[in-house]
Structures are given as structure tokens and as C-alpha cells.
Amino acid sequence: MDKDLALRPGSAPTNTCPGLEKSPGVPLNIPAKISGEGPQAQAEPFTPKPPARPKLERALSLDEKGWRRRRLQTSHEDLEARSGASPSGGSLPDQTPGPPVHTCSPPGLSTSLQEIPMTRRVPGCARGSPTSWGNCISGMVSSSPDLLPRSGASAGGTPKLADVLPSRPLPAIDWNTTSDSLRTTHRVDADHADYKLRLQTRLFGAHSGLGPGRPPSPLACDDCSLRSAKSSFSLLAPIRAKDVRSRSYLEGSLLASGALMGADELARYFPDRSVALFVATWNMQGQKEPPSNLDELLLPAEADYAQDLYVVGVQEGCSDRREWETRLQETLGPHYVMLCSAAHGALHMSVLIRRDLVWFCSEVESSTVTTRIVSQIKTKGALGVSFTFFGTSFLFITSHFTSGDGKVGDRLLDYSKTVQGLALPKNVPDTCPYRSDPADVTTRFDGVFWFGDFNFRLGAGRVAVEAILRQDPGASVPALLQLDQLTREMKKGSVFRGFQEPDIHFLPSYKFDVGKDVYDTTSKQRTPSYTDRVVYRSRHKGDICPLKYSSCPGIRTSDHRPVYGLFRVKVRPGRDNIPLAAGKFDRELYLIGIKRRISKEMQRQRALKTQHSSAVCTVS
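Now for a quick tour of the structure. Each chain has its residues counted from 1, running along the sequence as written. Since the coordinates come from a predicted model, pLDDT governs what is reported: local features require at least 70, and pairs of side-chain atoms require 80 or more to be given and counted, while whole-chain, interface and lining totals use all residues. Working from all heavy atoms in the structure, the side-chain values ignore hydrogens and water.

## Quick notes on the nonpolar core
In this structure, L277, V351, I353, F389, F396, F449 and F567 are the most contacted members of the largest nonpolar core, which totals 48 residues. Those residues within four positions of I353 in sequence are excluded, and the remaining contacts are D308, L309, H335, Y336, V337, L339, V358, C361 and F389. As used in this record, nonpolar core signifies buried Ala, Val, Leu, Ile, Met, Phe, Trp, Tyr and Cys residues forming a set joined through side-chain atoms within 4.5 Å. Remark: exposure states derive from per-residue accessible area (1.4 Å probe, protein chains only) relative to the maximum for the residue type, with buried under 20%, exposed over 50%, and partly exposed in between. Residue contacts are defined here by distance: any two heavy atoms, one from each residue, within 4.5 Å place the two residues in contact.

## Focus on the pairing of strand 5 (residues 365-370)
Going residue by residue along strand 5, you find E365, S367 and V369 tucked away on one face and S366, T368 and T370 left uncovered on the opposite face. By definition, two strands form a pair when at least two bridges between them are found by DSSP. Helix and strand labels come from DSSP, where a helix needs a run of H or I of at least four residues and a strand needs a run of E of at least two; each type is numbered from the N terminus. Here strand 5 runs beside strand 6 (residues 381-389); their pairing, made up of 6 bridges, is antiparallel. Residue pairing in the sheet places S367 in a bridge with G384 of strand 6.

## Considering the sheet that holds strand 3 (residues 336-344)
Here 6 strands make up an open sheet; going across it, the order is 3-4-2-1-11-10 and the pairing mixed. Since the sheet does not close on itself, it has two edges, and those belong to strand 3 and strand 10 (544-551), each with one partner. Sheet twist, expressed as the average angle between the axes of neighbouring strands with direction ignored, equals 15°. Here strand 10 runs beside strand 11 (residues 563-570); their pairing, made up of 7 bridges, is antiparallel. In the strand pairing of strand 11, C545 is matched with R568. Note on definitions: angles span 0 to 180 degrees between N-to-C directions of axes, and those axes are lines fitted to C-alpha atoms, for helices only across the stretch in contact.

## A short note on the pattern of salt bridges
Salt bridges are identified by distance alone: a Lys or Arg side-chain nitrogen within 4 Å of an Asp or Glu carboxyl oxygen. Here the structure, examined in full by the defined rule, presents 25 salt bridges. Salt-bridge contacts for R596 lead to E323; the nearest nitrogen and oxygen are separated by 3.0 Å. Residue R596 is located in helix 16 (residues 587-613), and its partner E323 is located in helix 11 (residues 321-332); the two are separated by 273 residues in the primary sequence. Ionic pairing is found between D440 and R537, a salt bridge with its closest N-O pair at 3.8 Å. Of this pair, D440 sits in the loop between helix 12 (408-421) and strand 8 (447-453) while R537 sits in strand 9 (residues 532-538); the two residues are 97 residues apart in sequence, bridging distant segments of the chain. Among the charged side chains, a network of salt bridges with common partners joins E289, E323, R327, E330, R596 and K600.

Shown next, in the form of C-alpha cells:
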């Protein structure tokens, strides 16, 4: 039986759509009757008198312009377009999104996962009810003249229900809709509220404490896709699966892609190929308890950033060697690990490195030399530690030479015994064997740092030196260096051949009264001298650049002041033929240092709380 589906002025619409009032594609003389008996039923045309403001009865509001010109793609089609299989050549076109489209349609009418009705449902159109889908269809056909084909309407033909439905089969809709993050990340729904926000908030891992010029991540500009492995919550450099599969780790792969010690890996951590190095020496005078605070020594105020590698050598160190190492670990904190620690009698050396870089070090080797005639007394001698970092080999030597104002010859002999007696390297290959001298250990490494209590004095009496010290500091230091025995011997070439020393701008580091800033006031009246020094040697010219060379006047627990130097050292890519340390470090010391820091912080907070709660109020 035919039903009159024409619009009546008194009808109460379930929803209104003001945007359809001026629809240019629907003439007023459209058919007013559609038979429900079959798709071939004819409708009798007539010309009704429309009301002043027609109200169309519709299931849900539709964006007519978007419905006509937009062809929504499914997730499968979007992926095919990205791979180049689709002639559309890409994902959804960039356009200004309109208001969200809400429809009430049965499975098969929608071409996108996002067309599933979420809100504003029509009464009686329950999810999963077959009859409800039929009601929605009838309501859509009767109240949505814009869904009819324009060609049929303009020609005056009879509209058919089959013309309303799509002509091709569409995929079924899964009620388990995707999450918001997947919809926006995979660019399936460009109309989603968070799409533009998520698209703009991309994190770039461009900053790193390892180097100011770190290149951006290779996936930083990668288009969002299902294959993307980029994480929005990590600043770590992403690793492509193809790079993991293609890594060769071939011996001698100096420039090969994927080499652990190669150029690519070096550029990720050090774009300028230079590492920040801290070297310090201190004669602790055999004190039993090291200072509780080493910030002035390891973290000087002149340095804005901590260094990548810390090497600290002590002479006449404290009896509790483990306690000294714990203080170093505690001061530098959990960002650093103890790569190596070695001792030779009263000599001790600690090497700490950023934990990110421990994987690029070879095994650490050490060797010792005793310079005293009685070898059982190990108060004077040398301790050497060597390893390879990427493709650059390092040698660190701390020494304690013979003391005495006039014993220059004995100190020169100590130097000769050291360069001939240190048996390094052992198992780690020499990076440049054809330039090595078997009689001089310092020629077998790319970078050599020699530091310690060399005991070279100022060649003048106490009175003359004090007279110079009373002058302006800017003029007194150069005048004192003219009297320095080490400077004179280095110019002759009799000691530290091929070595350099940074410019000295600090006062003599020896000899002070313990706990005071005055030089020796005992009966011996020792002459102030620059006994504590740091010198360096580079196999390649210009590879080592000194940045700071100074002493720590605030640490007064010994008759010597600590002396330290900050350097920038050029690092070259290496070959994957070295015995790796494989991340080995002192784990027990690392945990002790962290617990110490936590304990001290808790004590500080309790002290502050006690101080605030013990305030006494008095009334006068």
C-alpha cells in the first residue's frame, strides 16, 4: 500500500538540518511518493506549496557538501595508496575538516570505520536490530532528498531505492573500533579532534649532552604509517629493523655501515668527533679520611657541563681505597660508572665514564713501575692505564717522582724507567704500530696524559719566591715559571719528550699548612713549587685541545692542592677487531654511590624539617 511520504507543515522532525534549506541540487518538484512495495513502484509528481520554513524529518544531520565530494577511504585503501598501488597516490587530501558526520546506517552503507554512529542516536534505531536498520533506511530516504541522484532528479525520472545504495560492495563494519591513538597516528580519520594536535607534537631527539650538534633522528620526519616504529615518548635515537638485519661487525670495517666502532656510530654520539676529558692529580699526604665533598675538584664552577670521561690519579692516597672510590662515584652520580681502578702501593688511579659510552671501550689494561732501589717500598713509581675508545687509543700515567730540591737527575731517571718499563698495550691492538717505539710506551698510543707529583721545584730560595708571590698575581706566575725546573728540562728535551703542558695561571700547589692557605711555616720552610702537573702528548697534531688548567684552593686537607685539566680530544672511528669491555664496570660501587646520595638527601630534608619545626615564638 502506498504511503504518503511528503513533507507536512505540522510534522515533528526528529532532527533538523538547516544546511539543507538552500540545497542547489534538489528541485522543488521532486516526487513526493515512494512506494514501499518494491523498487519499481512509481510516484505521482505534484507541486506542493512549501511552508515558510520547511523542517525536514531526518534520522541524523548530514554534511551534504562533504557527502557529495568526499570519498572516504578505508584503512586498507589508505595503506595501498601509501605503497603506490592506488592511483590516488596518498592518504586523505588535506582539507579543512567540517563538523563531525553522524549517521545511523546499517553495516555496508559506510565506507570508513569512523562512520559508526557514536552519539545522537534516533529513538528506535537500536544497535544490532534488523528492524531498526529498516526504519533508518526509510527515514533516510524520505527525509533526505539530497541522497537522490542529481541526474535522475533533473531529468524528471523516477527515483529508485537501489539508486540510493552504493553500486559496489563495501566492507563490513567491525564494532570493535580502533582507539583514538591508532586513528590519528595512521591518518585514517583526519576529522578526529586530536589529529592535528598529534601531528604537530612530534618529539625530535636533537639534543644530547654528548654533543651540541647531534643530527636529528632519521625517523624524525617520517610520515605516520602503520609501519612506523617511532615512539613519541623517548628521546633515544630510533633503530630501524633493516639496520639491525644488515649489521656486519666485520673485522676492519672502519667505514662500513653498522660497525660498532665505525663512523656512523661515532657520529651518533659525537657529531664533532671530540670527547670532553677531565684529568686530575692530587697528593693526599696519606690522610685517613678523604674530603666529604669533592664538587670543587670534579665539578668545577668554570665548567657548565660535566665531562664525558674522568681520570683521577692520587699519590700517597688514603688507606681506605674503597672509600675514596665511593666518594668519586657518589660525587659524579648515577650518570657515570667506574670503568677501571688500579693501584700500585700508595699510587691509585680511577677512570669513570658516562654509562652511555661504556659500550665503545676496549678492555682496560694496566701496568706498574717501581722507581725506588728497594722495590718492596712502593711509595715512588708510576701506574699506567690504557684502553681504546672507538678508534682512538689512550694512555694515562700517574707518577710520584723523587723528592728534594736538588735531585733533578733522580727525577729524570724516574722518567726514563717509566717510559721503558710500562708494558702496554698487551692484548688490545696498537692503532698505529708503524709509528710505535718499543723503547718508549708513550709512542704507542694516540693520546697520552701524564700527571702526578713530579716534585720539580722552583730553582730559588724561599725568600726570593715569597718576594715574587707578593707581587700582582698576573706578573708573579710568569716570573715563578722562569724558575721552574720542569719547564727548563722540557725545553732541553731531557724529560717528557714530545709532551706539552697547558698554560699555568694558578699559584704553586705545594707546600701548604694543612687546613690553611699559607705556605709551609714549619722549621723546614720549604719553597713553594709547582710539583703537581698535567702534561699531554698527541700522535696527531691538534687532536688534544686544553680548555682549563687550574688548582682547587678550597680543598685544604693535604699539604698539596689538587690540580686538574679540562681537555677536548679528537676521536676517530675504529675497527671492530678489539677485545671489547662489553659494558663491564664496577656494579657494586655504582649501587653504593646511589645509596649514599639518597641517604644524604634524606638527611638534608630531615634537617630542614627539624629546623622549621623547632622555631620558638616568644611574646615580649
